[in-house]
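Listed below, chain by chain, are the residues.
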Amino acid sequence: MVTQEFEMETAKQQASDVLTVEDFDAVEFWVGNAFQAAYYYQHALGFEPVAWSSLKTGNRKYVSYVMQQGNAKIILSSPYSGATERSAHHSMHGDGVKTIGLRVRDAQTAWDNALERGANGITPPTEIKDEYGTLRYSVISTYGDVVHKFIERDGYDGIYMPGYQPFKPEVETSQKGVVRIDHIVGNVNWNQMDPTVQFYHQVFGFAQFIEFSADDINTQYSALQSKVVRSYNNRVKMPINEPAPGLKMSQIEEYINYYHSAGVQHIALSSNNIIETVTQMREKGVEFINIPKTYYEDLTDRVGEIKEDIETLAKLGILVDRDEKGYLLQLFTKPIQDRPTFFYEVIQRRGSNGFGKGNFRALFEAIEIEQAERGNL
Ligand code: FE2
């Protein structure tokens, strides 16, 4: 299957480097019980707890675990007190992403240019130091209650940031082969996709490079539309979804009804061996969206020759899509907290730069079965 949306870039949509963004940095979740979340991240998803900040390291306000697998860093934080921004955030949203870290060459330049181009500033450039060196950061807001933290870490050799101490887990971590964060997807409310894409273009200099209309990705009942923005070097890719009218409730609406605002819908974790990664995650109890077996019957007709054994893919529920540059393999977990909000994707790219458009129908029909079971379709 060939998707025709690639290289939609026009002169107007050329990506620029005004904020000096190089890559994703750590993503921070504010959760209800960081201690127990860290157990799931370590033993089910394969993230090593490498550093923490807590009462035992002198942090009287909140606990924060740094979980790492390959270059992907996830921070899990919970407050020690009820009368805080963190606890109010958790009360409203449940567990969810607060901060999308972006590594920049210069936190001051990122801040100056972002504000000059219309961003809402949260924390001006701040320098913090410990025995591992000096780190500079600044923070601006984006959709919902999510913020972007610009992190300049060239002068810093520590694990994450000053204030965090190395953490030694009691039990070894069996890593699942995740190498980095591939993309991070935001869900926004009705009519907010275009202004959000415009924000990333205007403020960040990011370019829109793929668009999925409601026609591409509707099913019998519900629909969504999506546009993808990317950084000049293609390392930071962020699809933005909004609901589209359908006969019944869009999965994006369901998310917003339970998250109570725009927010991060999923993070795609990139693996170099998705079969091994998913086998190990399934063994540890990670639950994935179930795709009907019929999906695999004509898979070769749709995607051509692939290196992987189709029976193995069917057994694990891994999806395949192809475009003119190659193919990709992907699948999606069920929500990883009680609210039907955030989930993970595992992805392996074999040349394709896409997001699995050819899988949308099968995937969304499977998600609708889940929605119906929750009474939300
Ligand atoms: Fe994705």
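Bear in mind that the values here come from a model prediction, so they are computed numbers and not experimental data. (Residues numbered from 1 in each chain as written. Predicted model: local features only at pLDDT ≥ 70, side-chain atom pairs only at ≥ 80, totals over all residues. Heavy atoms only, no water.)

### Notes on the overall build of the protein chain
Here is step 1: Within the protein chain, the secondary structure is distributed over nine helices and 17 strands.
Here is step 2: By the compact-globule yardstick of 21 Å for 377 residues, the protein chain fits well, its C-alpha radius of gyration being 20 Å.
Here is step 3: With respect to the principal axes defined by its C-alpha atoms, the protein chain has extents near 60 × 50 × 40 Å.
Here is step 4: With 377 residues in all, the protein chain has 56% of them scored as buried.
Here is step 5: Summarising the internal contacts of the protein chain: among those between residues at least 6 apart in sequence, 70% fall at separations of at least 24.
Here is step 6: Per element, the accessible surface of the protein chain, about 16,000 Å² overall, is 47% carbon and sulfur.
Here is step 7: Distance from the positive charge centre (37 side chains) to the negative charge centre (50 side chains) of the protein chain: 3 Å. (Helix = DSSP H or I, 4+ residues; strand = E, 2+ residues; numbered from the N terminus. Rg over C-alpha atoms; globule rule 2.2 N^0.38 Å. Buried < 20%, exposed > 50% of the residue type's maximum accessible area, 1.4 Å probe, protein only. Contact = heavy atoms within 4.5 Å. Areas by Shrake-Rupley, 256 points an atom, 1.4 Å probe, with all protein chains shown as cover. Lys, Arg positive; Asp, Glu negative; His and termini not counted. Charge placed at Lys NZ, Arg CZ, Asp CG, Glu CD.)

### Structural notes on the coordination of the iron ion
Here is step 1: Coordination of the iron ion by the protein involves His183 (NE2), His266 (NE2) and Glu345 (OE), with metal-donor separations of 2.0 to 2.2 Å.
Here is step 2: The sequence motif formed by the donor residues of the iron ion is H-x82-H-x78-E. Remark: His266 occurs in strand E14 (residues 263-271) and His183 occurs in strand E10 (residues 178-187); sequence separation between them is 83 residues. His266 carries the same exposure label as His183, and that label is buried. (Donors = N, O, S within 2.8 Å, 3.2 Å for Na, K, Ca; no water.)

### A look at the nonpolar core
Here is step 1: Counting residues in each nonpolar core, the largest one holds 95 residues, and the members touching the most others are Phe29, Ile74, Leu76, Phe150, Phe204 and Ile267.
Here is step 2: Setting aside anything within four residues of it in sequence, one finds Leu76 in contact with Phe29, Val31, Ala34, Ala37, Ala38, Tyr41, Val63, Ser64, Tyr65 and Met67.
Here is step 3: The next biggest cluster of nonpolar side chains, apart from the first, holds 14 residues, and it includes Ala51, Ile75, Val147 and Tyr164. (Core = buried A, V, L, I, M, F, W, Y, C linked by side-chain atoms within 4.5 Å.)

### So, the packing of aromatic side chains
Here is step 1: Tallying each qualifying case throughout the model produces 21 aromatic pairs.
Here is step 2: Consider the rings of Phe150 and Phe204, whose centres lie 6.1 Å apart with planes at 55°: the pair is tilted. Placement of the pair is Phe150 in strand E8 (residues 147-152) and Phe204 in helix H4 (residues 193-204), with a sequence separation of 54 residues. The pair formed by Phe150 and Phe204 is uniform in burial state, with each residue classed as buried.
Here is step 3: A ring pair is formed by Phe332 and Phe343, whose centres lie 6.0 Å apart and whose planes are at 75°; its orientation type is edge-to-face. Of this pair, Phe332 sits in strand E16 (residues 326-332) while Phe343 sits in strand E17 (residues 343-350), and the two are 11 residues apart along the sequence. Phe343 matches Phe332 in its accessibility class, with the two residues each being buried.
Here is step 4: Through successive ring pairs, a cluster of aromatic residues spans Phe29, Tyr40, Tyr41, Phe47, Phe342 and Tyr344.
Here is step 5: The ring of Phe209 is capped by Arg230, whose NZ or CZ atom sits 5.7 Å from the centre of that ring. (Phe/Tyr/Trp six-rings, centres within 6.5 Å; stacked < 30°, edge-to-face > 60°. Lys NZ or Arg CZ within 6 Å of the ring centre and 35° of its normal.)

### Topic: unusual backbone geometry
Here is step 1: One non-glycine residue, Asn191, lies in the positive phi region at around 65°.
Here is step 2: Mapped onto the fold, Asn191 is located in the loop between E10 and H4.
Here is step 3: The class of Asn191 is exposed, set by a relative accessible area of 59%.
Here is step 4: Residues other than glycine seldom take positive phi values, yet His260 does so here, at roughly 65°.
Here is step 5: Residue position: His260 is located in the loop between helix H5 (251-259) and E14.

### So, the sheet that holds E14
Here is step 1: Taken together, the eight strands give an open sheet; going across it, the order is E11-E12-E13-E10-E14-E17-E16-E15, and neighbouring strands pair in mixed fashion. Each edge of the open sheet is held by one strand with a lone partner, namely strand E11 (207-212) and strand E15 (319-323). In this sheet, neighbouring strand axes are inclined to one another by 25° on average, regardless of whether the strands run parallel or antiparallel.
Here is step 2: Taken together, the five bridges between E16 and E17 define a ladder with antiparallel strand orientation. When the sheet's bridge partners are listed, Leu329 is paired in E17 with Gln348.
Here is step 3: The strands touched by H5 within the sheet are E10, strand E12 (223-230), strand E13 (237-244) and E14, with E14 carrying the most contacts at an inclination of about 115°. (Pairing = 2+ DSSP bridges. Axes fitted to C-alpha atoms, helices over the stretch in contact; angles between N-to-C directions.)

### So, the pattern of salt bridges
Here is step 1: Inspection of every chain in the model, using the stated rule, returns 18 salt bridges.
Here is step 2: With a shortest N-O distance of 3.4 Å, Asp106 and Arg136 are connected by a salt bridge. Remark: Arg136 occurs in strand E7 (residues 133-141) and Asp106 occurs in the loop between strand E5 (96-104) and helix H3 (107-116); sequence separation between them is 30 residues.
Here is step 3: Taking relative accessible area as the criterion, Asp106 reaches 23% and is therefore assigned partly exposed.
Here is step 4: On the basis of relative accessible area, Arg136 is assigned to the partly exposed category, the value being 23%.
Here is step 5: Where salt bridges share partners, they join Asp17, Glu22 and Arg105 into one cluster. (Salt bridge = Lys/Arg side-chain N within 4 Å of Asp/Glu carboxyl O.)

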